[in-house]
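Coordinate analysis (summary)
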Protein chains: 2
Amino acid sequence: MLNETHDPSLSSWVDSANAAGTDFPVQNLPHAVFRRRGTGEAFRGGVAIGDEVLDMAAAQGVFEGAAAEAAARSGDATLNGLMALGPAAWSPLRHALSRALRRGASQAPRLRECIVPQAEVEYAVPADIGDFTDFFSSFHHMVNAGRVFQPDAPPLPNFRWLPIAYHGRASTIEVSGASFHRPHGQRRSPGDAAPSFGPTRCLDYEMELAAYVGPGNRRGEPIGIADAEQHLFGLCLLNDWSARDVQGWEAMPLGPFLAKNFLSTVSPWIVTLEALAPFRCALPRSADDPPTLPYLRAGAAQADAGFDVHIEVWLQTPRAGSEARRLSRSSPRHAYWSLAQMVTHHTVNGCTLRPGDLLGTGTQSGPGEGEQGCLLELTRGGRQPLHWPDGEQRTYLEDGDTVVLRGWCEHPGHARIGFGECRGSVLPARPGA
Amino acid sequence: MLNETHDPSLSSWVDSANAAGTDFPVQNLPHAVFRRRGTGEAFRGGVAIGDEVLDMAAAQGVFEGAAAEAAARSGDATLNGLMALGPAAWSPLRHALSRALRRGASQAPRLRECIVPQAEVEYAVPADIGDFTDFFSSFHHMVNAGRVFQPDAPPLPNFRWLPIAYHGRASTIEVSGASFHRPHGQRRSPGDAAPSFGPTRCLDYEMELAAYVGPGNRRGEPIGIADAEQHLFGLCLLNDWSARDVQGWEAMPLGPFLAKNFLSTVSPWIVTLEALAPFRCALPRSADDPPTLPYLRAGAAQADAGFDVHIEVWLQTPRAGSEARRLSRSSPRHAYWSLAQMVTHHTVNGCTLRPGDLLGTGTQSGPGEGEQGCLLELTRGGRQPLHWPDGEQRTYLEDGDTVVLRGWCEHPGHARIGFGECRGSVLPARPGA
């Protein structure tokens, strides 16, 4: 449902928010946790506007009435308190921020003192993430990855009946910018008689979105499909780094473990579901899909259960430098399962979600060439290297590589809503580990 | 390594701690978090002695010197702070507690004021559990469960190379006494053309131990096998409730999810590794086992890498009442992988452990009849019901059933070290869920 905050004609008294191509116009207003880089300052919550961060801790007292509580919590060192408040508090805050940051707002002089350039800040993971769940919602990822991991097996019989998911690691979720040493592990390549131990040879990225849970539920009390989105605060970019040779050896029968839990990287900014309202879409279904079980049926709401977010993955190599090479581009509009369906399925057995929990969508791949969301798919399990005109090639990631995810929404007649970036770099394996 | 605290001739000025068959003699001294039942009191840490709890928050100031910091943290509302201190703090606390609770201790008059009967308290989960990992360390469970889930498949090729594990749900770990409604889910039985939705028909328990992590590690810095146990605070009982029909349908390819995350129950008392020192043992290996990869080799320490804890599972039914029926009995002395190997494997890729994280051992089954650690194994996947002389039978758990785990260590020449109990009850499925 669109309202005055989505009006594409709105502009801000922060000039950079009015620039063409900005990720953060006054129609976006995403949340993060930040401090001035290189200082011992406390981390606190902020809202992006153009090239700036509005320091919500410094802005205490500016926002009153229905927005006051959410405004206070949006300045906290973690946003769990804000997330717990729910849409009835988030929406008044969005309206208040929109009005206060518009050109001509009376609050401008006071808020101008609360502005910090994004170029001068560093970010933290914006919530205390209690549990991290990663879903498997992309049909195309399922088909492509299945061809590599289980070439002789039929497509997964359960994929179109339920949003498959597994629990990931909360302790190793870090914010954009984290680098990591190539992880060690047990690997067995096809044809090897026995596994070997050493640094992974098949280091991959995964192009995902992730949702932060808003209000939670009590144990034993499922969240129905009609209410599911009320329990989601907003979305970020997620790179679920993966070691494919470790994964192939360890993951039977309990799923991926060390292949994934060495690091997952999130973008700092959380774009609220309300900001994404203009970019909703239906998700694809075909005539041979099985019926959706009643508890996962959204009725008329299914027609806009998806979000069309253009996501891209770029590779920076030591050789090519900042002349980045694009690896993947797709959108969750190709996904089979919606965020609402993920929430409802996750809780249908009474499982508890808590504010700040993170739900990954799984790798988002599309049907076309170049729309594969990871190197496993792009290189057909490493058998078809990617080549660039200057002679460089990749099957999997190499030491020194930097992977950057970017995401944005653009539809005619609406302001561009961006996610910023999610970046990480591969360091050589630690000797002797 | 045994010391004065293990001396079986020690007795306590708390009489019930000297009774034959007590779980909590002065040689045990496990930790929990408690308050007087039915009060609004704050939860705080305590130490079990006989039928009593020593209120460590009330005992502040009694313990000085090397034990002071650990004694203070052992009275906290969660024991993460105590766990973070490590063995160099835990062992002095154990010595100080042992001396202060012995018969004739000068502190007795002061500590007598800090004693609360266990019969009058309720417990909380003793730590803020950041991440819950469940391992798959029992060879016999692997063989037995494999026959049910994958009757035509060869034994898992990776089981004897690495301690298989997956991430569980932290938000639904509760302390002994929790009841729960039979969970709903998608189920497909063999032969069914399509899955159906409804309450699970195959509700099971899993007999496990679990270890709380002590000091953590930094991301990217593995914990070597020689240091691994320094990162473990102590052990409790764990019942990893499971819905087998849900598990069989959902778990390919990412592992169990809704089949397990509706509830996991822990016993309130954490028995420290130091208390268990007299009950160490070697773990079984056979001539056809593959070589242990170097990073998992404990050298001479492998000879006592295991713990011989007798664990039993008892069923209370509405029909039989408190005349409980024993379902399972076994010991982790039959396990293939040690706790130290689990810690080292978990971190070999740089994954971060944090104080208070929980590591489940997976179902502990032994080689003999009656040593199967869950109903899936005992009933051969539900095909062979258990029968009792009064005519009652079970394949899986029924509404109204209560499952009780108990554990203790008993070797000649040593004091009995008990774990208390871990209890939970099955309520009927919620209508309309």
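You'll find the structure just up there.
These notes cover the structure that comes with them. (Residues numbered from 1 in each chain as written. Chains lettered and ligands numbered in written order. Predicted model: local features only at pLDDT ≥ 70, side-chain atom pairs only at ≥ 80, totals over all residues. Heavy atoms only, no water.)

**Focus: the sheet that holds strand β4 (residues 115–117) of chain B**
Residue and element names in this part refer to chain B. The condition that has to hold: For two strands to be treated as a pair, DSSP must find at least two bridges joining them. Under the scheme used here, helices are H or I runs from DSSP no shorter than 4 residues and strands are E runs no shorter than 2 residues, and both carry numbers assigned from the N terminus. A fitted line through C-alpha atoms represents every axis, and for helices the fit uses only the stretch in contact; the resulting angles, taken between N-to-C directions, go from 0 to 180 degrees.
Pairing within the open sheet is antiparallel, and its 5 strands lie in the order β4-β3-β2-β1-β5. Two strands bound the open sheet, and with one partner strand each, they are β4 and β5 (121–124). Averaged over all pairs of adjacent strands, the angle between their axes in this sheet comes to 50°, without regard to strand direction. Pairing analysis gives 3 bridges linking strand β3 (residues 52–55) to β4, with the strands arranged antiparallel. Its bridge partner lying in β4, Leu-54 is registered against Ile-115.

**As for the side chain of Gln-27 of chain A**
Residues and elements named next belong to chain A. For clarity, the cut-off: Pairing of N or O atoms within 3.5 Å defines a polar contact, subject to two protein rules: one partner must be a possible hydrogen donor and the other a possible acceptor, and residues neighboring in sequence count only if both atoms are side-chain atoms. Here, two residues are considered to be in contact whenever any of their heavy atoms come within 4.5 Å of each other.
If you trace the backbone, Gln-27 turns up in the segment before β1 (31–36). In terms of polar contacts, Gln-27 uses its side chain to reach the backbone carbonyl oxygen of Asp-7, at 2.8 Å. There is a polar contact of 3.2 Å between the side chain of Gln-27 and the backbone oxygen of Leu-10. For Gln-27, the residues in contact, after removing those within four places along its chain, are Thr-5, His-6, Asp-7, Pro-8, Ser-9, Leu-10, Arg-94, Ala-275, Ala-415 and Ile-417.

**A closer look at the relation of the copies chain A and chain B**
Threshold: The copies are overlaid by a least-squares fit using only the C-alpha atoms of residues whose pLDDT is at least 70 in both copies.
Each copy of the sequence occupies a distinct position, and chain A is placed on chain B by a rotation of 180° and an axial shift of 0.0 Å, giving an RMSD of 0.0 Å. Viewed as a symmetry operation, the transformation between the two copies matches a two-fold axis. Scanning chain A for the C-alpha nearest the rotation axis identifies Gly-255 of chain A, at a separation of 2.1 Å. An overlap of 100% is found between the interface residues of chain A and their copies at the interface of chain B, pointing to a shared contact surface.

**Focus: unusual backbone geometry**
To keep it simple, the criterion reads: Each residue is assigned to one of three classes by its accessible area relative to the maximum for its type, calculated with a 1.4 Å probe on protein chains only: buried under 20%, partly exposed between the two thresholds, exposed over 50%.
Across the junction of Met-252 of chain A and Pro-253 of chain A, the peptide omega takes the value 5°, indicating a cis bond. Here Pro-253 of chain A lies in the loop between α6 (244–250) and β16 (264–266). At Leu-29 of chain A, a residue that is not glycine, the phi angle is positive and equals roughly 60°. Its location among the elements puts Leu-29 of chain A in the segment before β1. By relative accessible area, which is 2% here, Leu-29 of chain A ends up buried. Residues other than glycine seldom take positive phi values, yet Arg-380 of chain B does so here, at roughly 50°. The residue Arg-380 of chain B is located in the loop between α8 (375–378) and β23 (386–387) in this model. Arg-380 of chain B gets classed as partly exposed once you look at its relative accessible area, which sits at 30%.

**Looking at the packing of aromatic side chains**
Our working rule: Aromatic contacts are taken between Phe, Tyr and Trp rings whose centres are within 6.5 Å, Trp giving its six-membered ring; a plane angle under 30 degrees counts as stacked, one over 60 as edge-to-face, and the others as tilted.
This model, assessed by the stated rule, comprises 22 aromatic pairs over all chains. A ring pair is formed by Phe-24 of chain B and Trp-269 of chain B, whose centres lie 5.6 Å apart and whose planes are at 55°; its orientation type is tilted. Within this pair, whereas Phe-24 of chain B is found in the segment before β1 (31–36), its partner Trp-269 of chain B is found in the loop between β16 (264–266) and β17 (271–272), the two being separated by 245 residues in sequence. Judged by relative accessible area, which is 3%, Trp-269 of chain B ranks as buried. Between Phe-180 of chain B and Phe-262 of chain B the ring centres are 5.7 Å apart and the planes differ by 40°, which places this aromatic pair in the tilted class. Of the two residues, Phe-180 of chain B is situated in strand β9 (residues 179–181) and Phe-262 of chain B in the loop between α6 (244–250) and β16; the sequence distance between them amounts to 82 residues. Since its relative accessible area comes to 2%, Phe-262 of chain B is described here as buried. Members of the aromatic cluster, each reached through a chain of ring pairs, are Phe-136, Phe-139, Phe-159, Tyr-336 and Trp-337 of chain A.

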